[in-house]
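Each chain, written out:
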Amino acid sequence: MERRNDQRNRPQRPIDYLKNSVSKIILIKVKRNRLFRGLLGGFDEHLNLYLEGTSQLFEYQDEDGNIREEHEDLGNIVVRGDNVIFVCLATPDD
Amino acid sequence: MERRNDQRNRPQRPIDYLKNSVSKIILIKVKRNRLFRGLLGGFDEHLNLYLEGTSQLFEYQDEDGNIREEHEDLGNIVVRGDNVIFVCLATPDD
Amino acid sequence: MERRNDQRNRPQRPIDYLKNSVSKIILIKVKRNRLFRGLLGGFDEHLNLYLEGTSQLFEYQDEDGNIREEHEDLGNIVVRGDNVIFVCLATPDD
Amino acid sequence: MERRNDQRNRPQRPIDYLKNSVSKIILIKVKRNRLFRGLLGGFDEHLNLYLEGTSQLFEYQDEDGNIREEHEDLGNIVVRGDNVIFVCLATPDD
Amino acid sequence: MERRNDQRNRPQRPIDYLKNSVSKIILIKVKRNRLFRGLLGGFDEHLNLYLEGTSQLFEYQDEDGNIREEHEDLGNIVVRGDNVIFVCLATPDD
Amino acid sequence: MERRNDQRNRPQRPIDYLKNSVSKIILIKVKRNRLFRGLLGGFDEHLNLYLEGTSQLFEYQDEDGNIREEHEDLGNIVVRGDNVIFVCLATPDD
Amino acid sequence: MERRNDQRNRPQRPIDYLKNSVSKIILIKVKRNRLFRGLLGGFDEHLNLYLEGTSQLFEYQDEDGNIREEHEDLGNIVVRGDNVIFVCLATPDD
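Along every chain, residues carry numbers that run from 1 in the direction the sequence is written. Chains and ligands are labelled sequentially in the order written, the chains with letters from A and the ligands with numbers from 1. Local features in this predicted model are restricted to residues whose pLDDT is 70 or higher, and side-chain atom pairs enter the listing and the counts only when it is 80 or higher, whereas totals over whole chains, interfaces and linings include all residues. The basis for the side-chain values is all heavy atoms of the structure; hydrogens and waters are excluded.

### Examining the overall build of chain A
Keep this limit in mind: Numbering of helices and strands runs from the N terminus, with a helix taken as a DSSP run of H or I at least four residues long and a strand as a DSSP run of E at least two residues long. Here the term buried applies to any residue with accessible area under 20% of the maximum for its type, exposed to any over 50%, and partly exposed to those in between, with areas from a 1.4 Å probe on protein chains only.
When helices and strands are counted, chain A shows zero helices and five strands. A burial count over chain A gives 48% of its 94 residues as buried.

### Section: the interface of chain F and chain G
Stated formally: Only heavy atoms enter the contact rule, under which two residues are in contact if any of them lie within 4.5 Å. Buried area: the accessible area, evaluated with a 1.4 Å probe, that two parts lose upon being put together, summed over both parts. Any carboxyl oxygen of Asp or Glu within 4 Å of a side-chain nitrogen of Lys or Arg constitutes a salt bridge here. Pairs of N or O atoms within 3.5 Å make up the polar contacts considered here, provided that, within protein, one atom can donate a hydrogen while the other can accept it, and that residues adjacent in sequence are counted only when both atoms are side-chain atoms.
In this complex, chain F contributes 22 residues to the contact, which on the side of chain G involves 18 residues. Taken together, the two surfaces of chain F and chain G that pack against each other cover about 1,700 Å², and 59% of this comes from carbon and sulfur. Counting across the chain F and chain G interface gives one salt bridge. Of the charged contacts, one joins D82 of chain F and K31 of chain G as a salt bridge, the two residues approaching to 3.8 Å between their closest N and O atoms. Viewed at the interface, chain G and chain F are joined by seven residue pairs in polar contact (both at pLDDT 80 or more). Elements represented by at least two residues in the side of chain F that touches chain G include exactly β2 (34-43), β3 (49-61) and β4 (67-79) of chain F.

### Considerations on the interface of chain A and chain G
Our working definition: Put simply, Ala, Val, Leu, Ile, Met, Phe, Trp, Tyr, Cys and Pro go in the nonpolar bin, Asp, Glu, Lys and Arg in the charged bin, and everything else, Gly too, in the polar bin. Here the rule is simple: two strands pair whenever DSSP picks up at least two bridges between them.
Opposite the 18 residues of chain A that make contact, chain G presents 22 residues. Of the roughly 1,600 Å² buried where chain A meets chain G, counting both sides, 59% is carbon and sulfur surface. The dominant element in the side of chain A that touches chain G, judged by the number of residues it contributes, is strand β5 (residues 84-88) of chain A, at five residues. The residue inventory of the side of chain A that touches chain G, partitioned by class, reads 10 nonpolar, four polar and four charged. Alignment of β5 of chain A against strand β4 (residues 67-79) of chain G, held across three bridges, turns out to be antiparallel. Note on β4 of chain G: the bridge partner recorded for V87 of chain A is V78 of chain G.

### Side note on the relation of the copies chain A and chain G
The condition is simple: For the least-squares superposition of copies, only C-alpha atoms count, and only for residues with pLDDT at least 70 in both.
The two copies are related by a screw motion: chain A maps onto chain G through a turn of 51° and a shift of 0.0 Å along the axis, at an RMSD of 0.0 Å. A share of only 6% of the interface residues of chain A reappears at the interface of chain G, consistent with the copies meeting through non-equivalent patches.

### Things to note about the relation of the copies chain F and chain G
Superposing chain F onto chain G requires a rotation of 51° together with a translation of 0.0 Å along the rotation axis, leaving an RMSD of 0.0 Å. Little of the interface of chain F is mirrored in chain G, where only 5% of its interface residues again form contacts.

### Points about the environment of T54 of chain D
Residues and elements named next belong to chain D. Take T54: it is sitting in strand β3 (residues 49-61). On the basis of relative accessibility, which here comes to 1%, the residue T54 falls in the buried class. In this structure T54 touches F36, R37, G38, E72, D73, L74, G75 and I77, once residues within four positions along its chain are discounted. Among the polar contacts made by the side chain of T54, one reaches the main-chain carbonyl oxygen of L51 at a distance of 3.3 Å.

### Topic: the pairing of strand β2 (residues 34-43) of chain C
Residue and element names in this part refer to chain C. Burial within β2 is extensive, with eight of its 10 residues counted as buried. Two strands pair when backbone bridges link them, and strand β1 (residues 25-30) and β2 are joined in this way by six bridges, in the antiparallel orientation. Across the sheet, the residue bridging to K29 is L35, located in β2. Between β2 and the antiparallel strand that follows it, strand β3 (residues 49-61), lie five residues; L47 among them carries a positive phi value of about 70°.

### A word on a positive patch on the surface
Here is the rule we go by: For patches, a residue must show more than 30% relative accessible area and have no salt bridge; joins then use 9 Å for like charges and 5 Å for nonpolar side chains, namely Val, Leu, Ile, Met, Phe, Trp and Tyr. To be clear on the numbers: accessible area is Shrake-Rupley with a 1.4 Å probe, and residue cover counts the displayed protein chains and nothing else. The charged-residue count follows a simple rule in which Lys and Arg add positive charge and Asp and Glu add negative charge, with His and chain termini not counted at all. Where a charge sits is defined by one atom per residue type, namely NZ (Lys), CZ (Arg), CG (Asp) or CD (Glu).
A contiguous patch of positive charge, built from R32 of chain A, R32 of chain B, R32 of chain C, R32 of chain D, R32 of chain E, R32 of chain F together with R32 of chain G, is present on the exposed surface. Among the structural elements, R32 of chain C can be located in the loop between β1 and β2.

### Concerning the pattern of salt bridges
Applying the stated rule across the entire model yields 35 salt bridges over all chains. Note that D82 of chain C is salt-bridged to R80 of chain C, the shortest N-O span being 3.1 Å.

### Remarks on the packing of aromatic side chains
Using the following cut-off: In this scheme Phe, Tyr and Trp rings, the latter by its six-membered ring, pair at centre separations within 6.5 Å, and the angle between planes marks the pair as stacked below 30 degrees, edge-to-face above 60, and tilted otherwise.
Evaluation of the coordinates by the stated rule reveals 14 aromatic pairs over all chains. When the ring of F86 of chain A is compared with that of F36 of chain G, the centres are 5.1 Å apart and the planes differ by 80°; the resulting orientation is edge-to-face. You can see F86 of chain A sitting in strand β5 and its partner F36 of chain G sitting in strand β2 (residues 34-43), one on each of two chains.

### Overview of the pairing of strand β2 (residues 34-43) of chain D
Residue and element names in this part refer to chain D. Between the antiparallel neighbours strand β1 (residues 25-30) and β2 lie three residues, among them R32 with a positive phi of about 65°. Where β2 meets β3, seven bridges bridge the pair, whose relative direction is antiparallel. Bridge assignment links R37 to a residue of β3, and that residue is S55.

### Quick word on the environment of S55 of chain B
All names here are of chain B. Relative to the assigned elements, S55 resides in strand β3 (residues 49-61). The class of S55 is buried, set by a relative accessible area of 11%. Separated by 22 residues in the primary sequence, S55 and I77 have C-alpha atoms spaced 9.8 Å apart. Here S55 is in contact with L35, F36, R37, H71, E72 and D73, once residues within four sequence places are set aside.

### Some remarks on the confidence of the model for chain A
Residue and element names in this part refer to chain A. Here is the rule we go by: Values of pLDDT, the confidence the predictor places in each residue, fall between 0 and 100.
Considering every residue of chain A, the mean pLDDT works out to 87; 86% of them sit at 70 or more. Summarising per-element confidence for chain A, the mean pLDDT is lowest in strand β3 (residues 49-61) (92) and highest in β5 (98). Within the model, pLDDT remains below 50 along residues 1-8, and this stretch shows eight contacts once partners closer than five positions in the same chain are excluded.

### Topic: unusual backbone geometry
All names here are of chain C. One non-glycine residue, N33, lies in the positive phi region at around 60°. Mapped onto the secondary structure, N33 falls in the loop between β1 and β2. For N33, a relative accessible area of 57% corresponds to the exposed category.

### What to know about the side chain of R34 of chain D
Here R34 of chain D is to be found in strand β2. E72 of chain D provides the closest opposite charge to the buried, salt-bridge-free R34 of chain D, at an N-O distance of 7.1 Å. Once residues within four sequence positions are removed from consideration, R34 of chain D is found in contact with I28, K29 and Q56 of chain D together with K29, N33, I85 and F86 of chain E.

### Re the environment of P14 of chain C
With respect to the helices and strands, P14 of chain C occurs in the segment before β1. With a relative accessible area of 0%, P14 of chain C lands in the buried category. Taking the C-alpha atoms as reference points, P14 of chain C and E45 of chain C, 31 residues apart in sequence, are found 9.7 Å from one another. Apart from the residues within four sequence positions on either side, P14 of chain C is in contact with G42, F43, D44, N48, L49, Y50 and V78 of chain B.

### Quick notes on the side chain of D44 of chain D
The residue D44 of chain D is located in the loop between β2 and β3 in this model. For the buried D44 of chain D, no salt bridge is present, and the opposite-charge side chain at shortest range is R13 of chain E, 6.0 Å distant. In terms of polar contacts, D44 of chain D uses its side chain to reach the backbone amide nitrogen of H46 of chain D, at 3.0 Å. Engagement of the side chain of D44 of chain D in a polar contact is seen with the side chain of N48 of chain D, the distance being 2.9 Å. Those residues in contact with D44 of chain D that lie beyond four places of it in its chain are I15 of chain D together with P14 of chain E.

If you want it as structure tokens, here you go:
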């Protein structure tokens, strides 16, 4: 599972692209319409994730029709990978 | 599956981060909107969990719109890992 | 899968904690909101369970708002492990 | 998967307890609220089942509130194990 | 996976009982309440099925409360095994 | 996984029957009530499918109660096998 | 998993057909009715996908009954393969 050619070749496994987001803030969309934001502390090939300083985000429309966001602080969490739909990676300049 | 370098290197598998929460109180969010709080007695790579002194928590809004919590004592339980969505780890000073 | 050090070390796999409940009464919460109570006769690493003298429990509110319990006797059953959410272990003095 | 010590030791795998019900009538509760009754002709470790003379049972309340049972004859069937929730074993004197 | 003792011993795996239904008409109950009838052309250990001259059956109540059946011809189909709930085998004299 | 005796013996795995439909038009019924029609370009043992010139078909009743069909062109697609319920094979003279 | 004969033989695994869409725009239909459009950066045999410059697309009918599309920019994402229903490949002249 370990790849030795990261420096030499462009990585090809989707999971490998998470490496550049370690220690950065990412967004994770999870089944049952959950959305988490946290600092990626670790991951594995099942997409199990360790997140630090995590918030669960809730979007709703206020009375004027504006989309607003609330969040609940969860601290450091381990997400079981089979719940993940997709991960938004950190942008290079994050 | 056994890692020998815990002392030397930062662990990288998300599951490894559960080790620091053993014998501490954690929160577990489970499918079908269940929430458990208990002392982490053991875990494995499937995220099967052994919890001591477990409470299942129920949140509801009272008549004044305040969110309140009730709980049901379950004692010592074994949770099958495939039901787990995420685990909130204990904070270092717990 | 066999562990030889049960006597010497504290077991670490959550499944191992079921051993102390063999031949004792346990509660099992199963998907689709089922609850079973029976004497644990055997289990395996998938959490397949063999239960003796099993009752399926049904909770409901009576006309006065009290939560009451009915049960249906099922005798000796084998539960397929992938339906299990959690198992409440027997207390030491059961 | 073959156990040689059936005569000498008490079997420990839940699946093994099905052996005493072979050629006897059992009840099988299946997902999507199905209930089958038939003679157990064979099984495997996935809980795939071969049943002879099978009836699918339907319970309903009649106009007087009594619970009544209808059934549909299915003959000999093979049930795919992943649909099984639990199996009620035959009683020793069946 | 190949069994050499079919002639000598009674087969024990539920899947093996499908062999006697090859080239005969069987009924297959599939998740999402589908029912197929066709000639069993082949199967494997996952309960993947190859059926010839297949009809999908639809049952409904007519205006007089009689249960009637319509069908849609599907020709030769391959059913993915994980959708199968149970298979009604052909009777010996089919 | 390769079978060398296709010419000599009748194939027995259901998946093998897809070979005769390669480069022919097939229908695929997929979970969540989707129906695809396309030219089978390739498949594997998971029933992953590569389809060329694919249309997704939608059936509906018009105002006169006639069942009509609309379709959406998808071009060349790869279907993940675990979504497939069944595949209608091409008829020999297609 | 690596195929050496891509140049010589027509590839046969459905997954292999994704190779020609690397660095091109593809559409991905995901469970729970999600639709993504992005540049395919990488994939693996589970259909895990790495997408760059991804938009999630939402279709709706406006007041005049026209089907319109809105989108939400997600940036670079990793999609967990078990959520994918199908992938629309890039056309050769994309």
